[in-house]
Each structure stands twice: as structure tokens, then as C-alpha cells.
Amino acid sequence: MTVQKTALTGNYAVAYAAKMARPHVIAAYPITPQTSIVEKLAEFVEKGELNARFVNVESEFAAMSVVYGAAMAGARAFTATSSHGLLYMYEAAWWTALSRAPVVMAVVTRTVGPPWNIHVEHNDILTLRDAGWIIAMAETVQETFDLTLQAFRIAESAALPMAVGVDGFVLSHSTEPVEMPPQEVVDKYLPPRRPDVPILFRPGKPVTFGNLPSDNRIHARHKIVTVYEAQQEAKKVIIKADEEYGKLVGRRYGGLVEWYRAEDAKHMVVCAGAWCSDAKHAVDSLRSRGVPVGLMRIRFIRPFPREEVAKLDQYETVVVYDRDITPVGGVLGLEVKAALSRARVVNIIAGIAGVDFDSRHFYETIQNAVEERYKELEFVV
Amino acid sequence: MSFRLDQLPKKKYVVPGNAACAGCGMMIGLKVLGMVLGEEAVLSIPASCASVVQGLAPKSGVAMPILNVPFASAAAVATGIAEAYRMLGVKGHAVVWAGDGGTADIGFATLSGAAERNSNIIYIMYDNEAYMNTGIQRSSSTPRGAWTATTPVGKRERKKDVALLMAMHGVPYAATASIAYPQDFYRKLKRASEIEGFKFIHLHVPCPPGWRYDPAKTVEIAKLAVETGAWILWEYDNGQLKLNPPSTIYVDKTKRKPLKEYLKLQGRFAHLTDDDIKILEEEIETKWQTVLALAKAFPQRL
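Positions within a chain are numbered from 1, following the residues in the order the chain's sequence is written. Numbering of ligands from 1 and lettering of chains from A proceed in the order in which they are written. Totals for whole chains, interfaces and linings use every residue, but because this is a predicted model, local features are given only for residues with pLDDT of at least 70 and side-chain atom pairs only at 80 or more, for both listing and counting. Hydrogen atoms and water are omitted, and side-chain values are computed over all heavy atoms in the structure.

A short note on the overall build of chain A
Step number 1: Here a strand is any run of E in DSSP of at least two residues, a helix any run of H or I of at least four, and the numbering for each starts at the N terminus. Secondary structure assignment for chain A yields 12 helices and 16 strands.
Step number 2: Between the two quantities, the radius of gyration covers C-alpha atoms and the globule rule is 2.2 Å times the number of residues to the power 0.38. For 381 residues, the compact-globule estimate of 2.2 N^0.38 gives 21 Å, and the C-alpha radius of gyration of chain A, at 20 Å, lies within 12% of that figure.
Step number 3: Viewed in the frame of its principal axes, chain A has a C-alpha envelope of about 70 × 55 × 45 Å.
Step number 4: Classification of residues uses two cut-offs on accessible area relative to the type maximum, computed with a 1.4 Å probe and protein chains only: under 20% is buried, over 50% is exposed, and between them is partly exposed. Evaluated residue by residue, chain A yields a buried proportion of 62% over its 381 residues.

This is the structure we're talking about:
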């Protein structure tokens, strides 16, 4: 197999992966740091390298509405946004998930204001966590490419929309060498979309979707199936998508989480997104100094890898890093804690509002956590 | 274009089981839409009376494909459907069937965006002149003076003219219509379906509970709106703006019926004084002069 290796930014990796997925409809509204994804895709379409309709919309709400309509009509549809753009889409994002429309969206994660701040934070993408979306977070530019491509297969197999989190600037504007499989391999991996899931929506075939229920229990059942059960089913879909990708492309990531140096560890670090590379670096340094620490990288926020996370109970300390903040702590911290009963959990909220947090910060804060200098919840600025 | 009523399609697209109020003007419009595009249309319906009266899931009282969509999203969702069909080679029309609130207010940005992009959709704003589904609150399309639950002493502002705003986007097709003149609406839908790009039809639709009148009088009231000159039938077709019959004869002010005849049948205008009515008459005349000036400014198709 000939494998092309190209230097790409995270945003261009998204654009190339989206292009190779052969979407029919792309709609997006510019917002920093997502903009170069859609600029590149517009260029592909204009140059005739991608046979798709690129719809320039007047808002992110319209972007999500356009790809929703396209997906319900049976098309493969893609959009990308960030931060306030995602918040502006919010109603349509819920509608899309509860319709089981398999839209794929890149979310280049960025701080939510005020004040205006374009730097990385994860609060934006995490607002999708209750909406029924599948949510993945990339660690590298290569994984950004791979996840974007896999997202189409996962979304269409699970009949759920999927968001791929790409850390703003850290990944979106960093250049790394990326291996891109040849188009024929991608085509094999990603068969054409079935237009009849969730419904076949065609002229002359009367069907109503989304009208008032005659019995609220119909709606209740629909919500349980869509918001909870479909997510559980999606776990199998994700693992299969990873395995198949491994067979065809030669790269596997291990499914919902990645275990790193967890064997014979006493303490575990938990994190998601690009900064996991820095955390791994810190783990290596601590290991070399005899601190028995490992790491679990959460690749999928949704479906939440509860079974894998529950295994962390066998460790003494679990240090959960959140690049987000809520009035009750960090999102990952809360969710990891809810899956554990034995281990001591320390939730560190750091790197919010784009504050730098590198491997030295990880090294120091992991030490503080395992040496019990930290309380249950710590804020690091 | 001429046609015979007895040759119109007989198949019914508004069927028993819908939940419309007695005398609902909107359902008359939906019937005409079915006659013209019943086999070709897929409907995006935002939150509105239409999202309720279509019937209760898993059943439906409308025999056309319907996608119910968020309040502000319809023009964008229909754009997505149209673009998907183009790519997938599916023949058909992405049609929006939206109320005045979903069009003139909350959905106006998506509407304007679709118009400016020239998205290939047919957008029908059925205008019952208030938020009827939530219990008669004012919209920007409520006429001046009308009582609503949120304008208890009558609306103080004038009605937003969405059809003219759409025409001034320079779209291929924008028109007004009335459920009292189904032939005119039928012809306009047919014309819209022949045109590539963005098409907008502003359909005037009386509402018995919202306008406070006897449900038997829906068509009569819609007709009076045109006969008094309060509602003007016109179309803007590829650069040409012209009046349509019967509004053409009402250019002559003396041919119009007194506005009072239209207003007096409706409880929502019951509180108006003669002075109030005079202001409304003056505004109607200004509207006529505007439309006539535009007809003069846009005399022929491009």
C-alpha cells in the first residue's frame, strides 16, 4: 500500500479527511480557530477536487440546520465550528441528535467568553455531552485526521451525529506529518451512505417526522433509545470502526480509551485532548524517577467509557485533568468519580481560558496529587 | 396560465385526522399546495400552527412528507434538503410551510440567508398575523391596531412587509397570495415550481380564534382584505413586479370597498376609533403607492 505522508495542520487534516469521505453537503460559518477547515473545503469544491455542495450560511445555527436537512434527506453532511459558534447552533444540535441524523462536525475547541478569547478550552464541545452526540477528542494531528474519517463511518453506523474535538491552535494550527490512506482504501472503509436511516424522506412518500406524539410515552421511549441506548450500542460501533481502520489503514487506537503505562502503576492520570501528549511526557519523567504512575486517555467523551473508567478503581489515586469548568467542578472529574467507589480521585482544573499547561505543569501537579498535597478539587492557573 | 377548476388534481393531501380549528384558513392553503405539488414537495415545517394541526404521531393528517424542524431553522433545513437532492439526483421541491412568527421574526435571518444565497427552495409564509399556536401574541407581521394577547390595547407598530423585503433581495420569485383566491395561489405555486432558485410566497390566511370572527367567514374575510385594498396581490418574477387580478382593479381607490367592512367583522379591531381607521387607510394608500412605484421601477423580466 502506498501511503502518502504530508505535513498538515490539524485543520487541514480535518479538511483532507472530510474530503476523502466524499460528503455531499458542507455548510459552515467562519469562526477562529476553525476557519481554515472550511476555507480549505471551499477550495476543494471550487477546484473540482471534491464533488459536493458547499453552502455559505449566515450563521452557525443555519450551518447545523443545513447539514441536518441534508442528512435527513439522505446525504453525507459535514460542518465545523468552535466555541460561540457551537453555542449558537445549540438548539439545532439537539434536534439533529434526537432525529438520529448522522451529521459529522469538527469542533475546534476554544474558550467561551466573555472576554473574547480565541485560545483552547474544552467547555465548548462538552456542552454537547447531554445532547445525544458521539464526542471524540483527538490527541495528535494524525489522530485528528483518522477520527474525522472514522466519524463518518461511526455516525452512519450508529445513526447518531458525531463531533470530533480538535484542540484550538494546539492542534488546529500545529503542523505534523500525517499519513493519509489512498482514496480507494478510504472508499473501502467508508461505503456510501444509506439514505433510509433514520427515514427515507422523498417526494411522493408521505411520512411525518417530529410531529406531536399522540402519547407522551412514545416520545419518552424515543428519548431513552436515542439518548441512552443508542450510545451504548455506539460503543461496539466505535470499536469495530477502530479495528477495521487498523486492518485497512494500519493504525489502531484501542477504542474508547487509550491505556498508557498502566501496568504495575499505583496512580493514574486521566485526561482528554491534545494535552495528553504533555501528560504522557510527565508520566515518563515520573516513571524514570520511580513514581508508579500511568495514564488513561479518554478518546470518547460520549459514549462515556464507563466500563473502562471503572477499572481505575484498582488504583490508589486517580488524577483527572479538566480543561473546562462547571459550577460543580470539571466535567471529566465528575464523570470519572461517578464511575468509581474506592480510589481517591483528585480533579484538577487547569489550562482553561487557553492558559499554557505543559509537561512540567503536569509533572508538578501529578506529584502534588499523588503525594496528597491536593484536595479533591484543585484549580491551577 | 389558465386552467379549469374541474381539471385540478382530485387527490386529497389534507385528510381527516388533522387537528385544525374550524374555519382554519391555513388548511385551505395547504390543500392548494397539495393540488400543485402533492407528489413533488417535501415540507419543512417550523414550530407553528402547522406543526400541531398536521395530526398526532405516529399518524398524520397531511399526505405529504413532512420534516418538523426548529422554530428558526426552516429555510436552512430546506436548503440542506434541496442541496442533498441535487447531489443525490432526487427530483422534487424542498418547500417551507411556515407561519409569520417563524418567518418574519425568529426565522428572518435564515430566510434572508437562503434568499441571498438563492437556495433552490419554495418558501411559503402563511400569514395569520400573530403567534396563533401559542395563543395569539403579536408578531412583526401583526397589523397596526390589532388586539393580541401581548398588545391588549392594539399593536402600535406597522406590519412588516416580508414579501417586499424578499423581492428587494433580488430573488427570482416573490409574490403575495390569499386563500380567498386559490386560482391565483395555485398559479403562483406552479410558476414558483418552474423556477430555479429562491421562491417566496406570502399567503394571507385569516384565523377565526385569533382574529375573533365567526369561523364560517374565513374566505369572506380573506376576500374583503383584497377588496378593501388592505392586502395587495402582486408578484415579482425575475425582475418584473406587477399587480395581479383582482388587485389590479383596486389601483383605482374608488373601486375599493371601505376598509371598515373588513375590520368590522373582526373582534381584534373592535376597539378602533374612526381616527384609528383613518390612519390605517392612509397606510394602506402609502403601501399601494409603494407597490405601484415598484411596478413602474421593475417593468420587465430580466
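Now, onward.
Side note on the overall build of chain B
Step number 1: Counting its secondary structure elements, chain B contains 11 helices and eight strands.
Step number 2: Expected size for 302 residues packed as a compact globule is a radius of gyration near 19 Å; at 18 Å, chain B falls within 12% of this value.
Step number 3: Judged by the C-alpha coordinates and their principal axes, chain B covers about 60 × 45 × 40 Å.
Step number 4: The contact criterion used is simple: two residues touch if any of their non-hydrogen atoms lie within 4.5 Å. Counting only contacts in chain B whose residues sit at least 6 apart along the sequence, the fraction spanning at least 24 positions is 72%.
Step number 5: The method behind every accessible area is Shrake-Rupley, applied with a 1.4 Å probe, and residues are considered shielded solely by the protein chains displayed. Carbon and sulfur atoms form 56% of the exposed surface of chain B, whose accessible area is close to 11700 Å².
Step number 6: His is not counted, nor are the chain ends, whereas Lys and Arg count as positive and Asp and Glu as negative. Taken as the charge centre is NZ of Lys, CZ of Arg, CG of Asp or CD of Glu, depending on the residue. Charged side chains in chain B number 36 positive and 28 negative. The centres of these two groups are separated by 3 Å.

Concerning the pairing of strand β3 (residues 93–99) of chain B
Residue and element names in this part refer to chain B.
Step number 1: Within β3, seven of the seven residues are buried, which leaves the element mostly enclosed by the surrounding structure.
Step number 2: Alternating positions in β3 separate into two faces, His93, Val95, Trp97 and Gly99 on one and Ala94, Val96 and Ala98 on the other, with burial throughout.
Step number 3: By this definition, two strands are paired if DSSP reports at least two bridges between them. Alignment of strand β1 (residues 41–46) against β3, held across four bridges, turns out to be parallel. When the bridges of β3 are listed, Ser44 appears paired with Val96.

Overview of the domain arrangement of chain A
Residues and elements named next belong to chain A.
Step number 1: Annotation of chain A at the domain level lists domain 1 (4–249) and domain 2 (257–380).
Step number 2: One C-alpha centre belongs to domain 1, the other to domain 2, and the line joining them spans 27 Å.
Step number 3: Every contact between the two is made by 29 residues of domain 1 and, on the other side, 27 residues of domain 2.
Step number 4: What gets called buried area is simply the loss in accessible area from a 1.4 Å probe that two parts show on being joined, summed for both. In total, about 2200 Å² of surface goes out of reach between domain 1 and domain 2, with carbon and sulfur atoms giving 54% of it.
Step number 5: Between Lys or Arg on one side and Asp or Glu on the other, a salt bridge is scored when a side-chain nitrogen of the former is within 4 Å of a carboxyl oxygen of the latter. On the surface where domain 1 and domain 2 come into contact, there are five salt bridges.
Step number 6: Glu139 serves as the salt-bridge partner of Lys280, at 2.8 Å between the closest nitrogen and oxygen.
Step number 7: Pairs of N or O atoms are called polar contacts if they sit within 3.5 Å, as long as, within protein, a hydrogen donor faces a hydrogen acceptor (for residues adjacent in sequence, only side-chain-to-side-chain pairs). Summed over the shared surface of domain 1 and domain 2, the number is 18 residue pairs in polar contact (both at pLDDT 80 or more).
Step number 8: Breaking the side of domain 1 that touches domain 2 down by element, the ones donating at least two residues are α5 (123–126), β6 (134–137), α6 (141–158), β7 (162–167) and α8 (216–249). Where a domain begins and ends is set by an automatic assignment or by a domain database.

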